[in-house]
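Understanding the architecture of this molecule
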Amino acid sequence: MEVFGTQIMKVLNLFSFRTLVLFATPLFWWASFSALSAESKADHPGKEIFKRYSLSEDIPKLAMSSLMQGEHLVEYATRKIVIGDNVRESKVFLVKNTDTKGNIDLRIKYNPDDLDEQEQVIDEIEAFVRTEYRLRHYAESYDPYSVKAKEHDNGRVDIFFEYSKYALPQDISYFRHLSVKVELVNGQPQTMSIYNDQPFKFNGYQIESYLQRLDFKRLESGKLIIDSKHIDVEGKKRDKPVRMNTMIRPIAIYDDQNEVTVLDHKMLEQVSDPRMREESVVLDRVFPLMGDMVRRQGIDLPLPFGVSVAYRNQNMDIPFTDFVIQGVGLNDLFDPYASIGAVNAESLTLRADLNILPFWNVYGLVGKINVDAQVDAEYTGEAGEFLRDKLNNKLPHLGDAFCSELSALCQTGRVKIPLSLEYDVVGLGTTLSVGYKEFFASVSGSYTKTRLKDTDNWGDGIVTVQPMLGYQLVDYRTQLFVGAEYQGLDSRMAGHVVAGDLEFDYDIGVSLSQWAYLVGVNKQLGKNYNLTFLYNKGETRDSMTVNFGYRF
């Protein structure tokens, strides 16, 4: 009976414990991608207002990033940070060049004497430049329905708008807290002010006051450029008052028609000094493919690579319908409908994933599963009754005496067999997702296999499909979701088992629900981290899963 119970447990494993790796599905990936899709701006009131005042739609782009004003560009940037009594000042040049394929080469050129010695200035400036570069992808992410115009008697017109709360990733989402005012005089843009209406957090600072002012200048060619960009910030860092002042202004602008506009000859000579040091800023990524095209539509994309660790605890009840060993039916000896397998399993899996396309993620996983189970079989007593009759026929009352001594063999009863097993698990999976505003949908599929520890035989693979619907709390970067889980489980499990000196075939019938409901929540923690909780409930199983992930 012990061997029989062990074989039942092996069969149970074929389908019940692979579900523990279900959470290899990158929940945080499809939530962060699909829930942030920006709406189409093909025809909206904001466009009509811009058109009415002959205002270029490049204006919101320039507010997001000064890198938008030229494919080939030299800028001069200064920064001053005052934290308590500590004052830090630095000056650098930014040199941008774009090749014929649209790839950008961005470099920081500087004189070491112009950098503050108290901080990692180049690292911080690189981070700032990457942010400016990334913001250019979200140039279309202003809210078209927030655009308003106010006309004044002196011919001045103020245009107001805000940025969409759907399109910006968390680490640069502070633009969602900002309002914009563009001042036109006689139809010409003069200044643009960007200011906050509520405190917000950015790069470890609690920002109380944010003001960005752009002064425009029209070149002889008619092109509108930023003459200067000033950013003044006040707030706190670890309870210390903070003031930050940043200034950026163009030195030279080049276009593909060999037109060169030099705005400051003296500064341009400094950039050309061979004694200037240079740092290259890595900007473009290969993955996801078509990522830039999607970003230009105002859709946020998570970082392309991810690793995560998931812990899952699952309970499962296994109803039986048939017991066959070596082609011999055992239902007369053990009632399958009165027998059940109670299983508790814990798994720890490590997963790596990649966004190949903005809407398509693939992943692989490895892990361990520890199983504690108990097979509770209903013994019918048929074997004892058969022996009683045979012995009584040989010698009256011999069978009765036999059953009196071995009453457990001749009576019905429960046979409980505890089991403890360990398994290795491997798998592959993929996820597709779409979304609109706060809503998103996805479908994930995985194929996994398990192997009993210290053996070489991998069990049959199982396919799991997981459709999901969700809603995102945009301001909190939190996703709530509901869905279902399908496991391609067969009503019969058959195979060949070697257990010590025993070797035999088995064919066992089971009755399991292939579907279970899912609910969960995912919380993004800054730019790189996320924490997810999932609860699964079905007719024959329930589980909870916790996943911690990192993207880069």
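What you see is a predicted model, and the numbers here were worked out from it, not measured in a lab.

1. Side note on the overall build of the chain
The helix and strand inventory of the chain stands at 10 helices and 26 strands. In the chain, buried positions account for 50% of the 552 residues. By sequence separation, contacts in the chain at least 24 residues apart represent 64% of the contacts at least 6 residues apart. Approximately 26,600 Å² of the chain is accessible, and the part contributed by carbon and sulfur atoms is 52%.

2. A closer look at helix H3 (residues 45–52)
Buried residues of H3: Gly-46, Ile-49 and Phe-50, and no others. Taken end-on, H3 shows its buried residues confined to a sector of 100°, consistent with a single buried face. When the buried face of H3 is taken as reference, the exposed residues oriented beyond 90 degrees from it are Lys-51 and Arg-52. Just downstream of H3, Ser-54 is the residue with a positive phi angle, here 55°.

3. Remarks on the nonpolar core
Membership of the largest hydrophobic core comes to 34 residues, with the highest contact counts inside it found for Ile-59, Ile-159, Phe-161, Val-182, Met-192, Tyr-210 and Phe-216. With residues near it in sequence (within four places) discarded, Tyr-210 still touches Tyr-174, Leu-178, Ile-194, Tyr-195, Asn-196, Phe-200, Ile-231, Asp-232 and Val-233. Residues Ile-318, Phe-323, Leu-330 and Tyr-423 belong to the second largest nonpolar core, which totals 23 residues.

4. Some words on the environment of Glu-438
With respect to the helices, strands and loops of the structure, Glu-438 is situated in the loop between strand S18 (413–436) and strand S19 (439–452). Its relative accessible area of 11% is what places Glu-438 among the buried residues. For the pair Glu-438 and Gln-479, spaced 41 residues apart in sequence, the C-alpha to C-alpha distance is 8.9 Å.

5. Here we look at the pairing of strand S17 (residues 360–379)
Two strands pair when backbone bridges link them, and strand S16 (residues 334–357) and S17 are joined in this way by 19 bridges, in the antiparallel orientation. Note that in S17 the partner of Asn-344 across the bridge is Asp-372.

6. Some details on the pattern of salt bridges
In total, this model carries 13 salt bridges according to the counting rule given. Here Asp-273 and Arg-275 are joined by a salt bridge, their closest N and O atoms 2.9 Å apart. Residue Asp-353 pairs with Arg-351 through a salt bridge whose shortest N-O separation is 3.1 Å. Of the residues examined, Asp-353 reaches a relative accessible area of 6% and is grouped as buried. One salt-bridge network, in which partners are shared between bridges, spans Arg-107, Lys-109 and Glu-278.

7. Considering unusual backbone geometry
For Ser-54, which is not glycine, the phi torsion reads 55° and is therefore positive. Take Ser-54: it is sitting in the loop between H3 and helix H4 (58–64). The exposed category is assigned to Ser-54, whose relative accessible area is 66%. Phi at Asn-186 takes a positive value of approximately 55°, unusual for a residue other than glycine. Within the secondary structure layout, Asn-186 lies in the loop between strand S6 (178–185) and strand S7 (188–196). Classification of Asn-186 by relative accessible area gives exposed; the value is 67%.

8. Quick notes on the confidence of the model for the chain
Confidence in the prediction of the chain, expressed as mean pLDDT, is 79, and 75% of residues score 70 or more. In this model residues 1–25 is a low-confidence stretch, pLDDT under 50, and it forms 101 contacts with partners more than four residues away in sequence or in other chains. Below pLDDT 50 for its whole length, residues 30–42 participates in 60 contacts with residues either more than four positions away or in separate chains.

9. Thoughts on the packing of aromatic side chains
Using the criterion set out here, one finds 10 aromatic pairs in the structure. Ring geometry for Tyr-486 against Trp-515: centres 5.3 Å apart, planes inclined by 50°, an arrangement best described as tilted. Here the residue Tyr-486 occupies a position in strand S21 (residues 478–487), and Trp-515 occupies one in strand S24 (residues 515–525), the gap between them amounting to 29 residues. Accessibility expressed as a relative area gives 45% for Trp-515, which makes it partly exposed. Among the aromatic residues, those joined into a cluster by ring pairs are Phe-287, Phe-305, Tyr-529, Phe-548, Tyr-550 and Phe-552. Note that Lys-237 overlies the ring of Tyr-205, its terminal NZ or CZ placed 4.8 Å from the centroid. A cation over a ring is seen here: Arg-351 above Tyr-363, with NZ or CZ 5.8 Å from the ring centre.

10. A look at the side chain of Asp-158
Relative to the helices and strands, Asp-158 resides in strand S5 (residues 156–162). At 3.2 Å, the side chain of Asp-158 and the side chain of Arg-156 are in polar contact. What Asp-158 contacts, discounting residues up to four positions off in sequence, is Lys-148, Ala-149, Lys-150, His-152, Lys-181, Val-182 and Glu-183.

11. Details of the environment of Ala-345
Within the secondary structure layout, Ala-345 lies in strand S16. Linking Ala-345 and Met-316, residues 29 residues apart in sequence, is a C-alpha distance of 8.5 Å.

12. A short note on the side chain of Asn-536
Here Asn-536 shows up in strand S25 (residues 529–538). Reaching out from Asn-536, the side chain makes a polar contact with the side chain of Glu-485 at a distance of 2.6 Å.

Rules used throughout
Residues numbered from 1 in each chain as written. Predicted model: local features only at pLDDT ≥ 70, side-chain atom pairs only at ≥ 80, totals over all residues. Heavy atoms only, no water. Helix = DSSP H or I, 4+ residues; strand = E, 2+ residues; numbered from the N terminus. Buried < 20%, exposed > 50% of the residue type's maximum accessible area, 1.4 Å probe, protein only. Contact = heavy atoms within 4.5 Å. Areas by Shrake-Rupley, 256 points an atom, 1.4 Å probe, with all protein chains shown as cover. Arc of directions from axis to C-beta. Core = buried A, V, L, I, M, F, W, Y, C linked by side-chain atoms within 4.5 Å. Pairing = 2+ DSSP bridges. Salt bridge = Lys/Arg side-chain N within 4 Å of Asp/Glu carboxyl O. pLDDT = per-residue confidence, 0-100. Phe/Tyr/Trp six-rings, centres within 6.5 Å; stacked < 30°, edge-to-face > 60°. Lys NZ or Arg CZ within 6 Å of the ring centre and 35° of its normal. Polar contact = N/O pair within 3.5 Å; in protein donor to acceptor, adjacent residues only side chain to side chain.

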